[in-house]
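A closer look at the structure
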Amino acid sequence: MEKKNIKDYDLEELKQEIENLGEKKFRAEQIFKWLYQEKVKSFDEMTNISLDLREKLKENYTICNFNILKKQESKDGTIKYLFDVLDGNAIETVLMSYHHGYSICVSSQIGCKMGCKFCASTGIEFSRNLSSGEIVEQILAVEQDTGIRISNVVFMGIGEPLDNYDNVINAIHIINNQKGLNIGARHISISTSGLIPKIYKLAEENIPCTLSISLHATTNEKRSEMMPVNNTYPIEELIKACKEYLEQTNRRISFEYALAKDNNDNIEDAKRLVKLLKGMLCHVNLIPINKIENGKFKKSSNENIIRFRDYLNEHGIVATIRRELGSDIDAACGQLRRKNSHLKMKS
Ligand code: SAH
């Protein structure tokens, strides 16, 4: 039988696993602390666990520890990692430094199925979902490499987190647990291209993390052109789901809007955006779109970006322009793709 990665279990599941091994549940808490607070890389380092149990653990589980394949540092301090996920695949993770602490942008899948026209992940064959342990390991590996403590986690790397729902939620349980990585749910953001059924499901979870919606356009025609997912989940239904989410959770939603020149950056777009979001507890994050290789979308002019922001703010919608980080190492929004990066390394 193939051994399971012990980092794939949240605390409740781990308690069950440990009980199944004929041991007391509280051992699971000890193991959890070793993994996520002491950040050990082997069962032998878990010195308050009996030798007998350590042997059982070794027989049944592995501890996944990623290897760094590549590390690139930007002038602004952003670091992009390429991790070997131990099955021949590689994934990207980005560490960003802000005045309020360190944020990590994690990947949730190897490749992506969404096909957004402006995103560099498009065109890479979807390979598989990342397991919960592989999502969490991105944080552990970066903390170990840098010695810093990460305070914010954003699911904005490669993949559609809500298309890997269970593993993402489980990873959040581990990240959020006080005996785990102990990062407050309010410091965790999930970004989605708009998988409506999963937004309703997320509203039912008792996790007060931030929901970010990649909106990017204000008409179905334009949005479908940019994001094929809009053909299945159009704008009006998406906004309805967001309103329902707000109703249930009372947690502010963040809307992502990547501004592309002569595409979605004129005042008519801003007017429609105001109409769509009027009265909602939300925030708009304006992202100067990053041009990708062969991409047809170009960055809006600074003048248009500021005009767009000001229009929103003057009409009651809180909007800010996202600072670009890591653009010199292709680590800025939507650029997470470099030659070979998440293609199979072996083939
Ligand atoms: N699949 C998820 C999360 C990954 S993308 C989602 O769609 O939200 C993270 C964010 O980067 C999304 O808001 C996405 O629309 C944005 N993005 C992708 N490519 C971009 C680009 N070239 N320029 C600016 N933002 C981009």
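Residues numbered from 1 in each chain as written. Predicted model: local features only at pLDDT ≥ 70, side-chain atom pairs only at ≥ 80, totals over all residues. Heavy atoms only, no water.

Let us look at the domain arrangement of the protein. When the parts come together, some accessible area is lost, and that loss is often what is quoted as the size of the interface. Taken domain by domain, the protein holds domain 1 (4–62) and domain 2 (67–329). Here the C-alpha centroids of domain 1 and domain 2 sit 33 Å apart. Contact residues are listed per partner, giving 15 residues for domain 1 and 17 residues for domain 2. Here domain 1 packs against domain 2, burying approximately 1,300 Å² in sum over the two surfaces, 54% of which is carbon and sulfur. Taken as a group, Lys7, Tyr36 and Lys39 account for 39% of the area that domain 1 buries against domain 2, more than any other trio of residues on that side. Across the contact surface, domain 1 and domain 2 share three salt bridges. Close ionic contact of Glu29 with Lys179 constitutes a salt bridge, the shortest N to O distance being 3.7 Å. (Domains from an automatic or database assignment. Contact = heavy atoms within 4.5 Å. Buried area = accessible area lost by both parts, 1.4 Å probe. Salt bridge = Lys/Arg side-chain N within 4 Å of Asp/Glu carboxyl O.)

What follows is about helix 9 (residues 235–249). Here helix 9 spans 21 Å end to end across 15 residues, near enough to the 21 Å set by a 1.5 Å rise per residue. Inspection of helix 9 places Ile235, Leu238, Ile239, Ala241, Cys242, Tyr245, Leu246 and Thr249 among the buried residues, and these make up the whole buried set. End-on view of helix 9: buried residues confined to an arc of 155 degrees, all on one side of the axis. For helix 9, the exposed residues lying more than 90 degrees away from the buried face are Lys240 and Glu247. The secondary structure elements touched by the buried residues of helix 9 are helix 6 (196–204), strand 11 (210–214), helix 7 (220–226), helix 8 (229–232), strand 12 (253–259) and helix 10 (267–277). (Helix = DSSP H or I, 4+ residues; strand = E, 2+ residues; numbered from the N terminus. Expected span 1.5 Å × (residues − 1). Buried < 20%, exposed > 50% of the residue type's maximum accessible area, 1.4 Å probe, protein only. Arc of directions from axis to C-beta.)

Attention now goes to the pairing of strand 4 (residues 79–84). Summarising burial for strand 4: six of the six residues are buried, a large majority. Of the two faces of strand 4, both are covered, the one formed by Ile79, Tyr81 and Phe83 as well as the one formed by Lys80, Leu82 and Asp84. Examined bridge by bridge, strand 3 (residues 67–73) and strand 4 share six bridges and lie antiparallel to one another. Bridge assignment links Glu73 to a residue of strand 4, and that residue is Ile79. Between strand 3 and the antiparallel strand that follows it, strand 4, lie five residues; Gly77 among them carries a positive phi value of about 95 degrees. Here six bridges tie strand 4 to strand 5 (residues 90–98), and the two strands are oriented antiparallel to one another. (Pairing = 2+ DSSP bridges.)

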